[in-house]
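This is what each chain is made of:
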Amino acid sequence: MKKSSFTFSKEINITPEQAWKIIGAVNGVDKWVGPITACSVDGDKRVCATEEGSFEEDILKIDHENRVFKYGIPKQHMVPVSNIIGQMSVTNGTNNQAIVTWTWNFDVTEENEAVAKETFNMLGSMGIDGIEQLVLTEAA
């Protein structure tokens, strides 16, 4: 096993405040990440379910002032990695649009690293687009 990381960042057509309202709420991931079918928060734990099973996240940091959310996933069934530390942040882009950056640090074997990064790329794109779509749908 080795340490690895992957970052996905995208400017989306909503304000930083709108993006952070979704991310900083912590709950409701099932509304913006396709494979997540249910999500609940209890204290500093978030439990997310998929069709293949559920996994638990440790909520490590919610920084509303700097718009940073950090979590850990010690064990899960979706990506061939372990000890995931994920972080989502929202910064100001052009014309008051949000730049959402999602970073994952994880342990992975050499042979699984490429597929893990491909999966995180897909998840990042799907999730950040999902945040944008959720805000635009609710505003309509």
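Note: the structure precedes this text.
These remarks concern the structure in this document. Worth saying up front: this structure is predicted, and the values here are computed from it rather than measured. (Residues numbered from 1 in each chain as written. Predicted model: local features only at pLDDT ≥ 70, side-chain atom pairs only at ≥ 80, totals over all residues. Heavy atoms only, no water.)

**Details of the pairing of strand E3 (residues 45-50)**
Two faces make up the sheet, and in a regular strand the side chains alternate between them.
Thinking step 1. The alternating pattern of E3 places Arg46, Cys48 and Thr50 on a buried face and Lys45, Val47 and Ala49 on a face that is not buried.
Thinking step 2. As paired strands, strand E2 (residues 38-42) and E3 are joined by five bridges and run antiparallel to one another. Paired with Cys39 across the two strands is Cys48, which belongs to E3.
Thinking step 3. The hairpin turn running from E2 into E3, its antiparallel successor, is two residues long, and Gly43 in that turn takes a positive phi close to 65°. (Buried < 20%, exposed > 50% of the residue type's maximum accessible area, 1.4 Å probe, protein only. Helix = DSSP H or I, 4+ residues; strand = E, 2+ residues; numbered from the N terminus. Pairing = 2+ DSSP bridges.)

**What about the pairing of strand E4 (residues 53-63)?**
Thinking step 1. Across six bridges, the pairing between E3 and E4 is antiparallel. What sits directly across from Cys48, in E4, is Phe55.
Thinking step 2. Direction of pairing for E4 relative to strand E5 (residues 68-73): antiparallel, over a ladder of five bridges. Looking across to E5, one finds that Asp63 is bridged to Val68.
Thinking step 3. A loop of four residues connects E4 with E5, the two strands running antiparallel in sequence, and Arg67 in this loop sits at a positive phi of about 55°.

**Remarks on the packing of aromatic side chains**
Thinking step 1. Under the criterion given, the structure shown has six aromatic pairs.
Thinking step 2. Taken together, a centroid distance of 6.0 Å and an interplanar angle of 55° make the contact between Trp32 and Trp102 tilted. Linking Trp32 in the loop between helix H1 (16-24) and E2 with Trp102 in strand E7 (residues 98-108), this pair joins segments that are 70 residues apart in sequence.
Thinking step 3. Given the relative accessible area of 5%, Trp102 is considered buried.
Thinking step 4. When the centroid spacing of 4.7 Å and the interplanar angle of 20° are considered together, the rings of Trp104 and Phe120 count as stacked. Of this pair, Trp104 sits in strand E7 while Phe120 is found in helix H2 (residues 113-139), placing the two residues 16 residues apart along the sequence.
Thinking step 5. Residue classification places Trp104 among the buried positions, given a relative accessible area of 1%.
Thinking step 6. Within the aromatic cluster, the residues linked to one another by ring pairs are Phe6, Trp32, Trp102, Trp104, Phe106 and Phe120.
Thinking step 7. Lying over the aromatic face of Tyr71, Arg46 brings its terminal NZ or CZ to 5.7 Å of the ring centre. (Phe/Tyr/Trp six-rings, centres within 6.5 Å; stacked < 30°, edge-to-face > 60°. Lys NZ or Arg CZ within 6 Å of the ring centre and 35° of its normal.)

**A look at the sheet that holds strand E6 (residues 82-92)**
Thinking step 1. Strand order in the open sheet formed by seven strands is E1-E7-E6-E5-E4-E3-E2, and the pairing between neighbours is antiparallel. A strand with exactly one partner marks an edge of an open sheet, and here the two such strands are strand E1 (2-12) and E2. Sheet twist, expressed as the mean angle between neighbouring strand axes with direction ignored, is 20°.
Thinking step 2. In the packing of H1 onto the sheet, the strands contacted are E4, E5, E6 and E7, and the crossing angle to E6 comes to about 155°. (Axes fitted to C-alpha atoms, helices over the stretch in contact; angles between N-to-C directions. Contact = heavy atoms within 4.5 Å.)

**Thoughts on the pattern of salt bridges**
Thinking step 1. One pass over the structure, following the stated rule, counts nine salt bridges.
Thinking step 2. Note that Asp107 is salt-bridged to Lys3, the shortest N-O span being 2.9 Å. With Asp107 in strand E7 and Lys3 in strand E1, the pair connects residues that are 104 residues apart, well separated along the chain.
Thinking step 3. Note on Asp107: relative accessible area 12%, which makes it buried.
Thinking step 4. As a salt-bridge pair, Lys10 and Asp129 come within 2.5 Å of each other at their nearest N and O atoms. Taken as a pair, Lys10 in strand E1 and Asp129 in helix H2 lie far apart in primary sequence, 119 residues in all.
Thinking step 5. Of the residues examined, Lys10 reaches a relative accessible area of 30% and is grouped as partly exposed.
Thinking step 6. By relative accessible area, which is 25% here, Asp129 ends up partly exposed.
Thinking step 7. Through salt bridges with shared partners, a single network forms among Lys2, Glu110, Glu113 and Lys117. (Salt bridge = Lys/Arg side-chain N within 4 Å of Asp/Glu carboxyl O.)

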